[in-house]
Amino acid sequence: MATFAKPENALKRAEELINVGQKQDALQALHDLITSKRHRAWQKTLERIMFKYIELCVDMRRGRYAKDGLIQYRIVCQQVNVTSLEEVIKHFMHLSTERAEMARSQAQALEEALDVDDLEADKRPEDLMLSYVSGEKGKDRSDRELVTPWFKFLWETYRTVLEILRNNSKLEALYAMTAHRAFQFCKQYKRTTEFRRLCEIIRNHLANLNKYRDQRDRPDLSAPESLQLYLDTRFEQLKIATELELWQVCMFNEAFRSVEDIHGLMCMVKKTPKPSLMVVYYAKLTEIFWVSGSHLYHAYAWFKLFSLQKSFNKNLNQKDLQLIASSVVLAALSVSPYDSTRGASHLELEHEKERNLRMANLIGFIIDPKLESREVLSRSSLLAELATKGVMSCVNQEVKDLYNLLEHEFLPLDLASKVQPLLTKISKLGGKLSSASSVPEVHLSQYIPALEKLATLRLLQQVSHVYQTMKIESLSKMIPFFDFLTVEKISVNAVKNGFIAMKVDHMKGVVLFGNSGLESDGMRDHLMIFAESLNKARGMIFPPSKKESKLGEMLPGLAEVVEKEHKRLLARKSIIEKRKEEQERQLLEMEREEEAKRLKLQKITEEAEQRRLASEFEQRKNQRILREIEERELEEAQALLQEADKRGKKKGKKPLIEGEKVTKQSLMELALSEQLRERQEMEKKLQKLAKTMDYLERAKREEASPLIEAAFQHRLVEERMLHEHEQQQEIELSRQGHDGDLQEKNRLSRMLNHKIQFQEMVVNRRRAEYDRLRADREERLNQILHQRRQEREYQRKIIFYVRMEEERLRRLHEEEEARKREEAERRRKEEAERKVKLDEIAEKQRQRERELEEKERIRRESLLGRSTDGLSRSSDLPGGSRPIEPAAVAPAAAAAAATAAPAPTPGKYVPRFRRGAETAVQAPPPAQAPPPAQAPPPHDSWRSGGSGSSSGARPTWSSTRGLRTSER
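Predicted model, so just to flag it, every value in this text is computed and none were measured.

Enquirer: Honestly, the state of the cysteines in this entry has me stumped. Any pointers?
Expert: Note: disulfide means a covalent bond formed between the sulfur atoms of two cysteine side chains. Under the criterion given, the structure shown has zero disulfides. As a non-bridged cysteine, cysteine 186 has cysteine 199 as the owner of its nearest cysteine sulfur, 7.8 Å distant. Look at cysteine 199 and you get buried, because its relative accessible area is 0%.

Enquirer: What is the right way to read the sheet that holds strand β5 (residues 510-513) from this model?
Expert: If you trace the three strands from one edge of the open sheet to the other, you get β3-β5-β4, paired in antiparallel fashion. The open sheet has two edge strands with one neighbour each: β3 (469-471) and β4 (502-505). Strand-to-strand twist across the sheet, computed as the mean angle between neighbouring axes with direction ignored, equals 20°. When β4 meets β5, the two strands line up antiparallel, connected through four bridges. Bridge assignment links valine 504 to a residue of β5, and that residue is valine 511.

Enquirer: Please explain a negative patch on the surface as it appears in this structure.
Expert: Judged by side-chain charge, Glu630, Glu631, Glu635 and Glu636 come together as a negatively charged surface patch. Looking at the element boundaries, glutamate 636 is found in helix α24 (residues 551-651). Given a relative accessible area of 46%, glutamate 636 falls into the partly exposed group.

Enquirer: I tried to follow the packing of aromatic side chains on my own but got confused; where do I start?
Expert: Any pair of aromatic rings gets described here by the distance separating the centres and the angle formed by the planes. Under the counting rule described, the total for this entry stands at 10 aromatic pairs. Taking 6.3 Å as the distance between ring centres and 75° as the angle between the ring planes, the aromatic pair formed by phenylalanine 92 and phenylalanine 153 counts as edge-to-face. Here phenylalanine 92 is found in helix α5 (residues 82-112), whereas its partner phenylalanine 153 is found in helix α7 (residues 138-164), with 61 residues between them in sequence. As far as the burial class goes, phenylalanine 92 and phenylalanine 153 line up, both buried. Through a chain of ring-to-ring contacts, the aromatic side chains of Phe151, Tyr158, Phe185 and Tyr189 assemble into a single cluster.

Enquirer: Hey, could you run me through the UniProt feature "coiled-coil region" (unreviewed entry) in the protein in this one?
Expert: The feature "coiled-coil region" (unreviewed entry), as given by UniProt, occupies residues 566-647 and 672-702 in the numbering adopted here. Across residues 672-702, helical content stands at 100% and strand content at 0%; the span's end C-alpha atoms are separated by 46 Å.

Enquirer: Teacher, can you tell me more about the pattern of salt bridges here?
Expert: Side-chain pairs of opposite charge can arise whenever the charged atoms involved come near each other. On inspection of all chains with the given rule, the structure shows 46 salt bridges. Of the charged contacts in the structure, one is a salt bridge between arginine 203 and glutamate 200, with a shortest N-O distance of 2.8 Å. Here arginine 203 pairs with glutamate 200, and both are found in helix α9 (residues 192-211), just three residues apart, close to one helical turn. We classify glutamate 200 as partly exposed; its relative accessible area is 29%. Note that glutamate 825 is salt-bridged to arginine 828, the shortest N-O span being 2.2 Å. A residue pair is termed a helical-turn pair when its members lie 3 or 4 positions apart in one helix, as glutamate 825 and arginine 828 do in helix α26 (residues 752-874) at three residues. A relative accessible area of 49% means that arginine 828 is categorised as partly exposed. Residues joined in a network through salt bridges with shared partners are Glu609, Arg612, Glu616 and Arg620.

Enquirer: Please clarify how the nonpolar core should be interpreted in this entry.
Expert: Side chains of nonpolar character tend, in soluble globular proteins, to be buried together. Residues Tyr281, Val329, Leu386, Leu402 and Val419 are the most contacted members of the largest nonpolar core, which totals 92 residues. A per-element tally of this core places helix α12 (residues 275-292) first, with 11 residues. Not counting the four nearest positions on each side in its chain, leucine 386 is found in contact with Phe303, Val328, Val329, Ala332, Val391 and Met392. In this structure, Cys77, Leu95, Val147 and Tyr158 belong to the second largest nonpolar core, which totals 60 residues.

Enquirer: Would you take a moment to explain the confidence of the model for the protein for this structure?
Expert: Do not read the predicted coordinates in detail wherever pLDDT is low. Looking at the protein, pLDDT values average 76 and 73% of them are 70 or higher. Predicted confidence for residues 248-252 stays below pLDDT 50, and this span has 10 contacts to residues more than four positions away or in other chains. Across residues 917-968, where pLDDT falls below 50, the model places 44 contacts with residues more than four positions away in sequence or in other chains.

The rules we used
Residues numbered from 1 in each chain as written. Predicted model: local features only at pLDDT ≥ 70, side-chain atom pairs only at ≥ 80, totals over all residues. Heavy atoms only, no water. Disulfide = S-S within 2.5 Å. Buried < 20%, exposed > 50% of the residue type's maximum accessible area, 1.4 Å probe, protein only. Pairing = 2+ DSSP bridges. Helix = DSSP H or I, 4+ residues; strand = E, 2+ residues; numbered from the N terminus. Axes fitted to C-alpha atoms, helices over the stretch in contact; angles between N-to-C directions. Patch = residues over 30% accessible without salt bridge, like charges linked within 9 Å, V, L, I, M, F, W, Y side chains within 5 Å. Areas by Shrake-Rupley, 256 points an atom, 1.4 Å probe, with all protein chains shown as cover. Salt bridge = Lys/Arg side-chain N within 4 Å of Asp/Glu carboxyl O. Lys, Arg positive; Asp, Glu negative; His and termini not counted. Charge placed at Lys NZ, Arg CZ, Asp CG, Glu CD. Phe/Tyr/Trp six-rings, centres within 6.5 Å; stacked < 30°, edge-to-face > 60°. UniProt positions renumbered as here; feature names shortened; annotations may be inferred. Core = buried A, V, L, I, M, F, W, Y, C linked by side-chain atoms within 4.5 Å. Contact = heavy atoms within 4.5 Å. pLDDT = per-residue confidence, 0-100.

This is how it looks when you write it as C-alpha cells:
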C-alpha cells in the first residue's frame, strides 16, 4: 500500500502511471489515498483526486472501487462541503451515461457499416459458420460484446448512487433526480426486471428510513419539500410502471405496488398531496383497475377523478367535462350486474375480501373489515351516488339515453335494436383533453364490449319475465351483438351466479326460461303459500279442542333436545372449519418450508459458486502479480547489466559474462557485485579529495591571519576619529538651541499680565455659570421629590381603601355563605323528615295492597271452584244446553268486588300513581269483557296492573300516565 505525504503527490503519481499505460496501478494508488485515515480533512485537492478516480473507475468499469471511494468521500465531506460530493456523483453518472450511449452508437454504426469484401457475395464463409454455430445475429453479438457491459455498469452506477444517498437529508434532490434518471433508463431500454429491482430498492430505503428514526442526517418526511420529492418519485414510478405495462397479475404487479407505495406514503405523513398529483394518481388507477378486470374499482377511480377535475381544475371546459362524466357513467355500467363470488370457497372469499379492502383503501374509501366490501361498494350504490352527485347532468345525451335503456326501461323485444345505434355513436366519442393535462386522452370505445354484454344480460333477464319458451333463432335475431355460442357462454355465467334462470335445449332448438325444480325460489314460495292456506282451512274445519294436550308436558324436553342438537351442530361446524383452517395452514406451512429450503439451498449454492469464483480470481490475481514482479526484477537486472557493460566498455574492460547462459540470479549477483565495487572506488576517491581540500584550506587560513589583524586595527582608528567629530557637532547644536529659547522667553514676558487678567475673567464667568446651574438643579430636584412624595401618599390611600373594600366584601360573602349553609341544612332536615313520612305512608299502602291482593286471590279461587262445579253439573242438562262461560261471569264478579272495596278515606294521603287506580276501580265495566287470563304472581305488581284481568283493581301503565297528565 503506497503512502503519500500530500494528496498532490498521489495525483501526480497516478497521472504518471496513466501516461505509461498502468491504469490499474494508478487506480490502486488513488484508492489507497482515499481510503487512508491520514487524509480525512476535506480540501480542494481531494475533489480533483475524486474526479480522476471516478474517470478511471468508469474507463475500467470498476463499480466496486467507485462505490468504496464514494463512501469514503462521503465520510470526508458530509459535514464540511456536501456540495463537492454532489458534484462528484453527478460527474460519475454523466460519465457512465456518456460511455453507455457511446457504446450503443458504436454498435449501431457497426451494424450499419458495409462490412463485406466481395460486393457480389452476400456473406463471408466465416460469418455463415459463426451464425450457424452461435445462432445469433450480428446485432445481438455486437450488443452482447459492446452495449451490454456498459449498460450493466450504468445500472450498477444508479444502484450505487441511490445506496450512498439513501439517508442523506442534504442531498434529497440529488436522490430524487437519480431515481428519475434510473426510471427513464428502464423506460427507454424496456428493462422491466431492473425496474422491479429499482422499485424494491426505493421501497426498502423508505422502510429503513421509518424503521431507524434515530439516524444522523435522516430526511424528515414531515417537511413539505422532502415529502414533495418523495411523492414526485413515487408518481414517476407509477407512470413508468403503467407505460411498461407491468400488470400481469393485479395483486402482485409493479404498477399496483407503486400505487400502494403512494398510498402508504400519504398515510404515513397524514397529509394529502396536491390536487394535480392526485389527478395523476387516480388516472393511473383507472388504467390499472381496467387492465386487471376490477371494473367496479375502475368506475370508482373515474368518479374520484371526475370530482377532483370538477373541483380544482378551473380551466376545464364543458366538452372535457362531458367526456370525463361519460367515462364515469360508462365505467359504472360496465360493472357486472351480479356477484361473481357466489359459490366460492371460504379461502377464496377471504382472499377476495382482503383484495377488495386493499383496493378500496387505494381509492379513498375506508371500509370496516367486519363488513363485506360488496355491502359498501357495489354497482347499485355507485349508480345511486352518481345520480345524487349530479354526474348524470354532465354526460352526453347518448350516454344518458343508454343509461335509461339499460337501467330503467323494460323493452324485452326492442332493447338490443335501440342500444346498438347508441353504442355506435358512443364508440366514436372521445379524444384528447385540452384542459386536463393529467388525463391526456379518453377512449369511450373500450367500454363497448362490456356494454354489449350488459345489454345481452338485460335482454335475457327481461325476456325471462315475459316468456317461458323461445326459439334459439328468434333469440339470436334479438341479440345482434354476438352469435348464439357467445350468448350461451354469457348466460351460463349468469345462471351460475343466480342472475337469471334459463335452460337451452339444443335438441328441440328452444330456450326455456324459469326454473321448474323444487329448489327454485318461485316454487318454494308457492309451496309455502299453499301450505299456509291448507293450515288455515284445517283450523277452520277442525277447530282446536279446549282440552289440555300433552304438548305442554313435552315442550320443555323438546326445547332442551333442540337446543342440545343445535349446539352439537354448531360445535361440529366449528370443528370442521377448524380442521379446514388447520389443513390449509399446514399446507401453507409446508409450502413455506419447501420454499425456504429451496431458497436456502439456492443461497448455499450461490455462495459456494461465489467463493469458488472469488478464490479463482484471487489465485489468478496472485499469479499475475508474481509474474509481473518477476518480469520487473528481470528488466531491472538487465538494465543494471547493460549499464555495467557500458561502463566496462568505456574503461576498456572485458564483458562480465561471455558465452555463458545468463540467468536472473546470476544477473542480480553480477549487478550487485559491480555496484559494490564501484561504490568502494568512489569512497576511496572521495576520501583522497577530502584530505587534499583540508590541506588547502589550512594553508589559506595561515596566510590570511596577519592581514586580517592589520585591517582590524586600521578600522578601530577610523571609527574613533569619526566618533569625536560627531560629538563636537552635537554640543554646538545644543548651545545654539538654548540661546534661541532664551530670546523667545524675553520676547513673551511682556504679555504675562494680560494673560493673568484674561484667565481670571474666564474663571469668574465659568464659576457664576456653574453656581446658577447648580441652583436650578437643586430646585428641580426639590420639585421632583415633593411630587413623588405626594404620589406615594396617594398610592397609600388608594391601597388602604381597596383593602378595606375587599375586607368588607369578604365579610359579606362569608355571611352569605353561612346563611346558604344554614338554609341548606334546614332544607335537608325537612327533606329527611318528609322522606321518612312518605316511607311510612308507602309502607302502609304496600300493606294495604298485599291485603287486597290476598283477598282478590281468595275470591278468584272461590269463583274458579264454583265454575268448575257448574260445568260438571251442566253436562247432565237435557238438549245439550251449554253452560255459562267464565268470561261472562268475570265482569260481574269484578264489578261486585269493586263495589265491595272500601273507598279511600278523605283525610288519608294517596300517592299520585295510586290516584288513577282509585278512579279506575269506580269506573263501570266495559260492554264486552276481554278473555280471562291467568292471575299474575303476587310479587309482579306491574304485570298484574298491565294485564287484561277482569278484577279492575289495578290500572294499566298507559291509563295511569294519562290520569297523571290530566291532573297536571
